[in-house]
Amino acid sequence: MKLALSKAINNISSMDELNEVIDLIKIKQKQLRAMKTLSAKSSISVGSKVKITSKSGVEFGVVETIKRTKAIVSIDGIRYNCPISLLEVA
């Protein structure tokens, strides 16, 4: 697959074609993120114990509220507004 992608990229001959490819990649990235968020959103509910992986490490908390793209998660009594895509059922 990498070889085929490499050949396809090497066949791009103009900036217009390159910009079109970049736009298509951005659209696909947005679709994949939306699917991941939908999957995570369907597996959690209010009161669920969740695991949050962030830059500072792994935290465990309880979901208090679910919004469209984020959830309010209580971790050690402190409420955080977390993207749903970061949450996993613990």
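Up top you'll find the structure we're talking about.
Residues numbered from 1 in each chain as written. Predicted model: local features only at pLDDT ≥ 70, side-chain atom pairs only at ≥ 80, totals over all residues. Heavy atoms only, no water.

1. A look at the pattern of salt bridges
Tallied over the entire structure, the rule returns two salt bridges. Notably, a salt bridge pairs glutamate 88 with lysine 51, separated by 3.8 Å at the nearest N-O pair. Taken together, the residues span a long stretch of sequence, with glutamate 88 in strand 5 (residues 87–89) and lysine 51 in strand 1 (residues 49–54) at a distance of 37 residues. Classification of glutamate 88 by relative accessible area gives partly exposed; the value is 40%. With a relative accessible area of 27%, lysine 51 lands in the partly exposed category. (Salt bridge = Lys/Arg side-chain N within 4 Å of Asp/Glu carboxyl O. Helix = DSSP H or I, 4+ residues; strand = E, 2+ residues; numbered from the N terminus. Buried < 20%, exposed > 50% of the residue type's maximum accessible area, 1.4 Å probe, protein only.)

2. Focus on the sheet that holds strand 1
Strands sit in the order 4-3-2-1-5 across an open sheet of five strands; the sheet is antiparallel. In this open sheet, the two strands that pair with only one neighbour each are strand 4 (78–83) and strand 5. Direction aside, the axes of adjacent strands within the sheet are offset by 45 degrees on average. Taken together, the three bridges between strand 1 and strand 5 define a ladder with antiparallel strand orientation. Its bridge partner lying in strand 5, valine 50 is registered against valine 89. (Pairing = 2+ DSSP bridges. Axes fitted to C-alpha atoms, helices over the stretch in contact; angles between N-to-C directions.)

3. Brief notes about a nonpolar patch on the surface
A surface patch of nonpolar side chains, amounting to about 260 Å² of accessible area, comprises Met15, Leu18 and Ile22. Note that methionine 15 resides in helix 2 (residues 15–43). (Patch = residues over 30% accessible without salt bridge, like charges linked within 9 Å, V, L, I, M, F, W, Y side chains within 5 Å. Areas by Shrake-Rupley, 256 points an atom, 1.4 Å probe, with all protein chains shown as cover.)

4. Side note on the side chain of serine 74
With respect to the helices, strands and loops of the structure, serine 74 is situated in strand 3 (residues 70–75). With relative accessibility at 17%, the residue serine 74 sits in the buried group. The residues touching serine 74, leaving out its near neighbours within four places in the chain, are Gly61, Val62, Glu64 and Arg79. (Contact = heavy atoms within 4.5 Å.)

5. Concerning the pairing of strand 2 (residues 57–66)
Sheet analysis places strand 1 next to strand 2, joined by six bridges and oriented antiparallel. Paired with valine 50 across the bridge in strand 2 is glycine 61. Where strand 1 folds back onto strand 2 in an antiparallel hairpin, the turn is made up of two residues. With four bridges connecting them, strand 2 and strand 3 associate as antiparallel partners. Within strand 3, the residue paired with isoleucine 66 across the bridge is alanine 71. Hairpin connection, strand 2 to strand 3: the antiparallel pair is bridged by three residues.

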